[in-house]
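# Survey of secondary and tertiary structure
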Amino acid sequence: MMSPDPHHQIAPPVILIVDDEPDFLRGLSRSVPRALNCSILTAESAAQALKLLAQSPVEVLLTDVRMPDMDGMKLLEEVGSTSPWTTVVIMTGYATIDLAVQAIKKGAYDFLQKPFKPDQINRVLEKAIQHNNLIKENIRLKSRLSSMDATTRLVGNSAGIRKVLNAIHTVAALNVTVLLRGESGTGKDLAARYIHMLSPRANLPMVTVNCPAIPESLLESELFGHVKGAFTGAESDRRGLMKEASGSTLFLDEIGDISPTIQTKLLRLIQEKEIKPLGSSSSRSVDVRIIASTNRDLEAKIADGSFREDLFYRLNVVTIRMPQLQEIREDILLLAKHFMKQAASEFGLVPKQISGEAIRYLIDQAWPGNIRQLKNAVQKAMIFSTGTNLQVRDFIEDLQQDPGRELPSAAGPGPYRELRDKLVADFTTQYLLNAMERNAGNISAAARESDLERQHFQQLLRKHDIDPNRFRANRKN
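Everything in this summary refers to the structure shown in the same document. (Residues numbered from 1 in each chain as written. Predicted model: local features only at pLDDT ≥ 70, side-chain atom pairs only at ≥ 80, totals over all residues. Heavy atoms only, no water.)

### With respect to the overall build of the chain
- Of regular secondary structure, the chain possesses 20 helices and 14 strands.
- Classification of the 477 residues of the chain by burial places 45% in the buried group. (Helix = DSSP H or I, 4+ residues; strand = E, 2+ residues; numbered from the N terminus. Buried < 20%, exposed > 50% of the residue type's maximum accessible area, 1.4 Å probe, protein only.)

### Some words on the sheet that holds strand β4 (residues 87–92)
- Pairing in this open sheet of five strands is parallel, and the strands run β2-β1-β3-β4-β5 from one edge to the other. Among the strands making up the open sheet, the edge pair consists of β2 (39–43) and β5 (110–113). Pairwise comparison of adjacent strand axes, ignoring direction, gives a mean angle of 20° for this sheet.
- Here strand β3 (residues 60–64) pairs with β4 via five bridges, running parallel. Bridge pairing in β4 places Leu 61 opposite Val 88.
- The strands touched by helix α4 (residues 97–105) within the sheet are β4 and β5, with β5 carrying the most contacts at an inclination of about 150°. (Pairing = 2+ DSSP bridges. Axes fitted to C-alpha atoms, helices over the stretch in contact; angles between N-to-C directions. Contact = heavy atoms within 4.5 Å.)

### Considerations on the nonpolar core
- Counting residues in each nonpolar core, the largest one holds 45 residues, and the members touching the most others are Leu 154, Ile 168, Leu 180, Ile 320, Leu 362, Leu 374 and Phe 395.
- For this core, the element with the most residues is helix α13 (residues 332–347), which contributes seven residues.
- Beyond its immediate chain neighbours, meaning those up to four positions away, Ile 320 contacts Val 164, Ala 167, Ile 168, Val 171, Val 178, Leu 179, Leu 180, Arg 181 and Ile 195.
- If you look at the next biggest cluster of nonpolar residues, it comprises 29 residues, including Leu 250, Ile 258, Leu 267 and Leu 269. (Core = buried A, V, L, I, M, F, W, Y, C linked by side-chain atoms within 4.5 Å.)

### What to know about the pattern of salt bridges
- Across all of its chains, the model carries 20 salt bridges by this definition.
- Between Lys 114 and Asp 19 there is a salt bridge; the shortest N-O distance is 2.6 Å. Of the two residues, Lys 114 sits in the loop between β5 and α5 (118–147) while Asp 19 sits in the loop between β1 (14–18) and α1 (22–36), which places them 95 residues apart along the sequence.
- By relative accessible area, Lys 114 is classed as buried at 17%.
- The partner of Glu 449 in a salt bridge is Arg 438, with the nearest N and O atoms 2.7 Å apart. Pair noted here: Glu 449 is in helix α18 (residues 443–450) and Arg 438 is in helix α17 (residues 416–438), with a separation of eleven residues, a long-range link.
- Using a relative accessible area of 47% as the deciding quantity, one classes Arg 438 as partly exposed.
- The network of salt bridges with shared partners includes Lys 74, Glu 77, Glu 78 and Lys 106. (Salt bridge = Lys/Arg side-chain N within 4 Å of Asp/Glu carboxyl O.)

### Side note on the pairing of strand β12 (residues 318–321)
- A one-sided burial pattern is seen for β12, the buried positions being Val 318 and Ile 320 and the unburied ones Thr 319 and Arg 321.
- As judged from the four bridges shared by strand β6 (residues 178–181) and β12, these two strands associate in the parallel manner. Opposite Leu 179, over in β12, you have Thr 319 as the bridge partner.

### Section: the packing of aromatic side chains
- One pass over the full model with this rule turns up two aromatic pairs.
- Their ring planes at 70° and their centres at 6.1 Å tell us that Phe 24 and Phe 116 sit as a pair that is edge-to-face. With Phe 24 in helix α1 and Phe 116 in the loop between β5 and α5, this residue pair connects regions lying 92 residues apart in the sequence.
- On the basis of relative accessibility, which here comes to 21%, the residue Phe 24 falls in the partly exposed class.
- Residue classification places Phe 116 among the buried residues on the basis of a relative accessible area of 16%.
- It is Lys 114 that lies over the ring of Phe 24; its NZ or CZ is 4.4 Å from the centre.
- Over the ring of Phe 224 we find Lys 265; its NZ or CZ atom is 4.8 Å from the centre of that ring. (Phe/Tyr/Trp six-rings, centres within 6.5 Å; stacked < 30°, edge-to-face > 60°. Lys NZ or Arg CZ within 6 Å of the ring centre and 35° of its normal.)

### Some points on the side chain of Lys 265
- As for its placement among the helices and strands, Lys 265 is situated in helix α10 (residues 260–272).
- At 3.2 Å, the side chain of Lys 265 and the side chain of Glu 220 are in polar contact.
- Sequence-distant contacts of Lys 265, defined by excluding residues within four places in its chain, comprise Glu 220, Phe 224 and Lys 276. (Polar contact = N/O pair within 3.5 Å; in protein donor to acceptor, adjacent residues only side chain to side chain.)

### Here's the deal with the pairing of β6
- The side-chain alternation of β6 yields two buried faces, one formed by Val 178 and Leu 180 and the other by Leu 179 and Arg 181.
- Direction of pairing for β6 relative to strand β11 (residues 289–294): parallel, over a ladder of four bridges. The partner of Arg 181 across the bridge, within β11, is Thr 294.

### A few points about the sheet that holds strand β8 (residues 249–253)
- Read from one edge to the other, the open sheet built from five strands follows the order β7-β8-β11-β6-β12, with strand pairing classed as parallel. Strands with a single pairing partner mark the edges of an open sheet, and in this sheet they are β7 (207–210) and β12. This sheet shows a mean twist of 20° between the axes of neighbouring strands, independent of strand direction.
- Across four bridges, β7 lies against β8 in parallel orientation. The residue bridging Val 207 from the neighbouring strand is Leu 250, located in β8.
- Lying over the sheet, helix α7 (residues 188–197) contacts β6, β8, β11 and β12, oriented at roughly 155° with respect to β6.

Remember, this is a structural readout, not a statement about activity or role.
What follows is the structure, given as structure tokens:
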């Protein structure tokens, strides 16, 4: 039995009509395709229909009930077990309420009584095709989900994560631009991969561009390509990442940091579906889906003129906000166990458990680095712990606050979220100041000490208005 390829959309849809009256079959096979833009197969018996189903997928099966050898109800049962992706519509000239109820209970999508008018049968078959598209989409999504490895999955059962997952499942199959917003370490890159993997473009690899990591002078050429001689050193044509991503997904990570020049060209891409390489006088069409992410306040950047408002609205077709770890604390146990299992597999470690005290300790932390920081802490604990269970002591050295420094008071009156956010912001600011002081303004060294990526550390410095240059005067020559 052949099953439909969940990555391939059959066009036009195939309808198999089964009836032991040849004249009736000929009449329907002539009228239905013109109205529904479909292909028609016919069979004069249930046995012949099953042979056709075994040879190729069929979207909709329209079958009579009364037929010799095997009736339509028995055929319905056979199709339900051998071709569950086929939508079945029952028709008969001897309709009763009991028969209709029985057919629906056995899995029929609809029930028609003969004789029927052409517009009536066409409406029913059109809805059956739409229903079948939903079935195939569900098969495709399940196939994608089952093929994802642990590094591609979003883990969590909190309301915040369920909201993100629902949004991803809704937009993944749609060719719309998606903007992922949230602080560093909240999993925006993971959400982007998840959207791509569930999309019809998943047969091609997603192309990722870390916008702040590429110098502004090179970013335009990297994205849009260039022609030979466009600038000094351009010794040959370069396609650019936009062209490389044609037919697939382009993930622009931290798009809030791109220059006005890049913003203008990106706007043209989204509006016109075309790009103009550096040094070229002609444009080239591209078929690319854009997913962008940012931890910046784009509305504030629009207000100060550093981000184009028209580009923002083009990117903001669908916005998915990734929650901070402190907002989904109920997921910390799930996440910790997920990262423990991942670390055991990745590093060849003996699987371990985690104590209740350690989980409570993790839940109580501020997590300025969000899920990424939790992952790093769990991996370190898995590597260096000598016991079979992870304990508080396995995390406390990595996560403890600077000794002797009092936390800002959060005991006074005021909204919980506001006081909590202030507490976290004050802690992060002080942590960054201490790290930069100890390392004399060396961002790379401070990032390594903090177990954060250099880019993430820089973003935190910008967010908390800390200038590294103020610490560099203390460097020894």
